[in-house]
Amino acid sequence: MVTVPVTGMRCASCSGRLERTLSALDGFSAVSVNLATASASFDGPLPAAIAAIQGQGFQVPIQEITLGIGGLSCAACALKAETELATVPGVLHASVNLASGEAFLRTLAGQAPFPALRDAVARAGYHLHTPTNPTDTTDLVEEERTRDYRDLRLRLLVGLPLAAAIMGLMHLHMLGHDLLSPSRNHLLQALLATPIQFWVGSYFHKSAWQALRHGFANMHSLVSLGTFSAFGYSLVALIFPHLFTNPEVYFDSSAFIIVLVLVGRFLEARAKGRTSQAIRALMALTPPTARLIKPEGEIEVPAASVQVGEHLMVRPGERVPVDGEILDGHGELDESLLTGESLPVERQAGAQVIGGSINRSGAFVMRATRVGRDTTVAHLVRLVRQAQGAKPPIARLADRIAGIFVPAILILAGLTLLAWWIFGPQPAFTNGLLHAIAVLVIACPCALGLATPTSVMVGIGRGARHGILVRGGEALETLHTVSCVVFDKTGTLTTGKAQLVHWSGTAQQLSQVASAESRSEHLLARAVVAGARERGLTLIEATAFEALPGRGVVAMVNGETVVVGTRLLLTERGLPIGEHWEKALQEQEALGRTAMLAAAGDAILGVLAVADTLKEGARQAVSALRERGIEVMLLTGDNERTARALAKQAGIERVVAEVMPERKAEEVARLQAEGRVVAMVGDGINDAPALARADVGVALGTGAEVAMEAADITLMGGDPRGVVTAIDLSKATMRNIRQNLFWAFAYNVVLVPLAAGVLSPTVEVTPVMAAAAMGLSSVTVVSNALRLKIKPA
């Protein structure tokens, strides 16, 4: 899938036309053009797509980058570097000059970052200097949006005072004030309206002309045609008044239509600029520089130039520049913007750290493990961009309607003029023209085109800020219909780590037992040792240690033989197990725990129980899902007894245990065959087939990358309560989309007939009223979508 930025799209009919054009090209599939994100996504050859986009009158922003290459010594060297650079995705053309040691590149905006170019040159055997020009990472699409916003503001600063003056002159004329004669009043209106029509209104006229040159009409065609009709009619009436029985001018209508529609576009542009804050917030996480450790000391370098394996210093208050592993020191890291977790986490030597997290306290040396496009932040940005550019199925309805809307409105406006001219009261042509202009101006396919993508952008952005990454619009739409959530057990509902959850003896005895276990590498032994240390106990050096695979350990602690292990081990050591201890063992095993006995000398000290415990929030997640009427099921490869014991703790009634990975996918398919919409939640490699098979796959970001690749949604924090949040977000977003579509449809269904004059003279919609309503409709849709940023509605 290729996603490219597209500039010049002004309305829904523009994006619809481009989508149909790309879909008709040979070898193209999965085409989606998104007006809100100003992008086109497709599977197909890039050169053909760029040619088609430009052929429709739009542009794909191109960057020109100059980079220095070190190590070139011959023409063959330059050719080799040139060949490697040309293979980088997003590079359209590469040329390497041996004499200057520079590479000249033409790339898609933001699609060929410096690390990818550096790696390509490294494959050729040379090294790339850090670029001095800032265009390497500039978001040209965002730049164009800013320029468009400023252009609209300037046009309004000029147009509003002129339109107000025209309105004043019109009222003077209507009141019969003798300060100016009617002809001079009309002439002055014409002089004031001309710059509005031809300069302020060129924002619409250029787009309309561009569309006409390529054989189609867009939203701006309606505005342009409507205002030129009013302005042209008024100009003819002013110059040749003898052609009309009672000549009137409508310079005020043409001027105010342009100004009011521009006001709507201005407010819409400002609101749309806020929809991309999620991506900007993610991109801002990566610091511009990093402290690279060299033999001669620390040096500050651009974060983009850091390579895998290099050592970096991170001090208190600094952001981690790239993903890596702590080699020395420690830090208290705030990962809230990445994972949604509110509390900082302590990271010691050997721990993995995420680029973009903030080191609140402590200092550490880290080794870079993932840089450039491979970092977590870069991956998140790509996921959010792809998701925001994708369309849920509900968007297709609005796209189809917007595609035929403009031609239908042009026909309806013509019929309106004809009907009034033939059947209307005098002045019939004038009345017909005004109603036709009102129809042209009031129609707003932009509201339909913006109804879905703006809600999807804001909804997905809100999820990203809470550590919920949604891959696409389809997953977002499907999630709110889920009727059954299937959880994996280990690492999903549980911590995935064995913990000491029960000890029947004293603290002093536990210290003795943990000391015996301290030399064992077994998972259960480590859990006992960790449990003792968590309780603040001091361990003693054990001697004569012996590990007995499958049974336990024997060691000398303070001169006394300590045995920890199974019934069999104690029996072999001549320690009889009475009814009391057998009952205690069975009680722990009934809870799904791994139970062991501990003895010192010739006496049994107590029963130990180790288990993988429920995650904090697991029970609340299950309870919240059930409150929403969603069935919850546990699907695990663990044994039946352990699975049912843990399911009981979590509040889950339906359990399928002892299943292999392929059977997990079969179980999901069986639930789907029963008519359920299934969400599968997992974290491991063995969950990937089931995640892919489910209607919506939800992976935990703390799990395996294979699981995240197979899933539609990733919960970065690993908290199962994120499933509930994601479902609530989906419901809120879909509700918001339906609200937008309702108002966009209702607006056109109600107001277009009124503009045509079906209730005239009881209800009259003038062209100026139509312009105000048209601008308001788009602003209403975008503003309603932005409510999702504050509170899901």
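1. Thoughts on the side chain of threonine 375
Now for step 1: Checked against the element boundaries, threonine 375 lands in the loop between β16 (364-370) and α12 (376-389).
Now for step 2: Not counting chain neighbours up to four residues away, the residues in contact with threonine 375 comprise Val322, Asp323 and Arg370.

2. Remarks on unusual backbone geometry
Now for step 1: Cis geometry marks the peptide bond from glutamine 426 to proline 427, where omega comes out at -10°.
Now for step 2: A cis amide bond links serine 760 with the next residue in sequence, proline 761, at an omega value of 5°.
Now for step 3: Counting through the fold element by element, proline 761 comes out in the loop between α26 (721-756) and α27 (767-790).
Now for step 4: The phi dihedral of alanine 544 is positive, around 50°, even though this residue is not glycine.
Now for step 5: Relative to the helices and strands, alanine 544 resides in strand β20 (residues 543-548).
Now for step 6: Note on alanine 544: relative accessible area 55%, which makes it exposed.

3. Brief notes about the nonpolar core
Now for step 1: Of all hydrophobic cores here, the largest spans 41 residues; its most connected members are Val485, Phe487, Leu625, Ile652, Ile713 and Val723.
Now for step 2: A total of seven residues in this core trace back to one element, the largest contributor, which is α26.
Now for step 3: With sequence-adjacent residues up to four places away left out, isoleucine 652 is seen in contact with Leu493, Val622, Val632, Met633, Leu634 and Ala647.
Now for step 4: In this structure, Leu169, Ile196, Ile257 and Leu433 belong to the second largest nonpolar core, which totals 34 residues.

4. Notes on helix α20 (residues 579-590)
Now for step 1: Compared with an ideal rise of 1.5 Å per residue, which puts twelve residues at 16 Å, α20 spans 16 Å between its outermost C-alpha atoms and is within 8% of the ideal.
Now for step 2: Inspection of α20 places Trp581, Ala584, Leu585, Gln588 and Glu589 among the buried residues, and these make up the whole buried set. The buried residues of α20 all sit within an arc of 135° when viewed along its axis, so they share a single face. Those residues of α20 that are exposed and aimed more than 90 degrees away from the buried face are Glu579, His580, Lys583 and Ala590.
Now for step 3: Of the surrounding elements, those touching the buried residues of α20 are β19 (494-503), α19 (567-572), β23 (594-600), β24 (603-614) and α22 (640-650).
Now for step 4: Count one or two residues on from α20 and you reach glycine 592, which has phi positive near 80°.

5. Some remarks on the packing of aromatic side chains
Now for step 1: This model, assessed by the stated rule, comprises six aromatic pairs.
Now for step 2: Between phenylalanine 198 and phenylalanine 231, the aromatic rings sit 5.6 Å apart at their centres with planes inclined by 85°, giving edge-to-face as the arrangement. Here the residue phenylalanine 198 occupies a position in helix α6 (residues 182-200), and phenylalanine 231 occupies one in helix α8 (residues 219-239), the gap between them amounting to 33 residues.
Now for step 3: Judged by relative accessible area, which is 5%, phenylalanine 231 ranks as buried.
Now for step 4: Note on tryptophan 421 and phenylalanine 429: the rings are 4.9 Å apart at their centroids and 65° apart in plane angle, and the pair reads as edge-to-face.
Now for step 5: Three or more aromatic residues link up through ring pairs in this structure, and these residues are Phe198, Phe228, Phe231 and Phe251.
Now for step 6: The residue whose ring lies beneath arginine 155 is tryptophan 199, and the NZ or CZ to ring-centre distance is 5.0 Å.

6. Side note on the sheet that holds strand β9 (residues 297-302)
Now for step 1: Strand order in this open sheet of six strands is β9-β8-β10-β16-β11-β14, and the pairing throughout is antiparallel. Of all the strands in the sheet, the pair left with one neighbour each is β9 and β14 (352-353).
Now for step 2: Pairing of strand β11 (residues 323-329) with β14 involves two bridges; the strand directions are antiparallel. Its bridge partner being in β14, glycine 324 is matched across the sheet by valine 353.

7. Quick word on the pattern of salt bridges
Now for step 1: One pass over the full model with this rule turns up 16 salt bridges.
Now for step 2: Its salt-bridge partner being glutamate 84, residue arginine 123 comes within 3.1 Å of it at the nearest N-O pair. Of this pair, arginine 123 sits in helix α4 (residues 114-123) while glutamate 84 sits in helix α3 (residues 75-86), placing them 39 residues apart in sequence.
Now for step 3: Since its relative accessible area comes to 21%, glutamate 84 is described here as partly exposed.
Now for step 4: For arginine 567, the salt bridge is made with glutamate 582, and the minimal N-O distance between the two is 3.0 Å. With a gap of 15 residues between them, arginine 567 in helix α19 and glutamate 582 in helix α20 connect regions that are remote in the sequence.
Now for step 5: If you follow the salt bridges from partner to partner, you end up with Glu631, Arg654, Glu667, Arg670, Glu674 and Arg676 in one network.

8. Observations concerning the pairing of β23
Now for step 1: Burial within β23 is extensive, with six of its seven residues counted as buried.
Now for step 2: Here four bridges tie strand β22 (residues 560-565) to β23, and the two strands are oriented antiparallel to one another. Of the residues in β23, the one forming a bridge with valine 562 is alanine 600.
Now for step 3: Across seven bridges, β23 lies against β24 in antiparallel orientation. Looking at the pairing, alanine 600 lines up with alanine 603 of β24.
Now for step 4: Hairpin connection from β23 to β24: two residues lie between these consecutive antiparallel strands, with glycine 601 at a positive phi of about 65°.

9. What about the confidence of the model for the protein?
Now for step 1: Averaged over all residues, the pLDDT of the protein equals 80, while 83% of them reach at least 70.
Now for step 2: Ranking the elements of the protein by mean pLDDT puts helix α25 (residues 705-710) last, at 55, and strand β10 (residues 311-314) first, at 94.
Now for step 3: Note on residues 132-138: pLDDT is under 50 here. Beyond four places in sequence and across chains, it has 16 contacts.

10. A word on the sheet that holds strand β2 (residues 29-34)
Now for step 1: The strand order across the open sheet built from three strands is β1-β3-β2, with neighbouring strands paired in antiparallel fashion. Sheet topology places β1 (2-5) and β2 at the edges, where each strand pairs with a single neighbour. Pairs of neighbouring strands in the sheet enclose a mean axial angle of 15°, with direction left out of account.
Now for step 2: Here β2 pairs with strand β3 (residues 39-43) via four bridges, running antiparallel. By the bridge assignment for β3, serine 32 is matched with serine 41.

11. Considering α3
Now for step 1: Between its first and last C-alpha atoms α3 spans 17 Å; for twelve residues at 1.5 Å apiece the expected length is 16 Å, and the two agree.
Now for step 2: When we look at burial in α3, the residues that qualify are Cys77, Ala78, Ala81 and Leu85. With its buried residues spanning 95° around the axis, α3 presents them on a single face. Residues of α3 that are exposed and point over 90 degrees away from its buried face: Ala75, Ala76 and Leu79.
Now for step 3: At its buried positions, α3 is contacted by β4 (62-70), β5 (91-97), β6 (102-108) and α4.

Here is what the cut-offs are and how they apply
- Residues numbered from 1 in each chain as written.
- Predicted model: local features only at pLDDT ≥ 70, side-chain atom pairs only at ≥ 80, totals over all residues.
- Heavy atoms only, no water.
- Helix = DSSP H or I, 4+ residues; strand = E, 2+ residues; numbered from the N terminus.
- Contact = heavy atoms within 4.5 Å.
- Buried < 20%, exposed > 50% of the residue type's maximum accessible area, 1.4 Å probe, protein only.
- Core = buried A, V, L, I, M, F, W, Y, C linked by side-chain atoms within 4.5 Å.
- Expected span 1.5 Å × (residues − 1).
- Arc of directions from axis to C-beta.
- Phe/Tyr/Trp six-rings, centres within 6.5 Å; stacked < 30°, edge-to-face > 60°.
- Lys NZ or Arg CZ within 6 Å of the ring centre and 35° of its normal.
- Pairing = 2+ DSSP bridges.
- Salt bridge = Lys/Arg side-chain N within 4 Å of Asp/Glu carboxyl O.
- pLDDT = per-residue confidence, 0-100.
- Axes fitted to C-alpha atoms, helices over the stretch in contact; angles between N-to-C directions.

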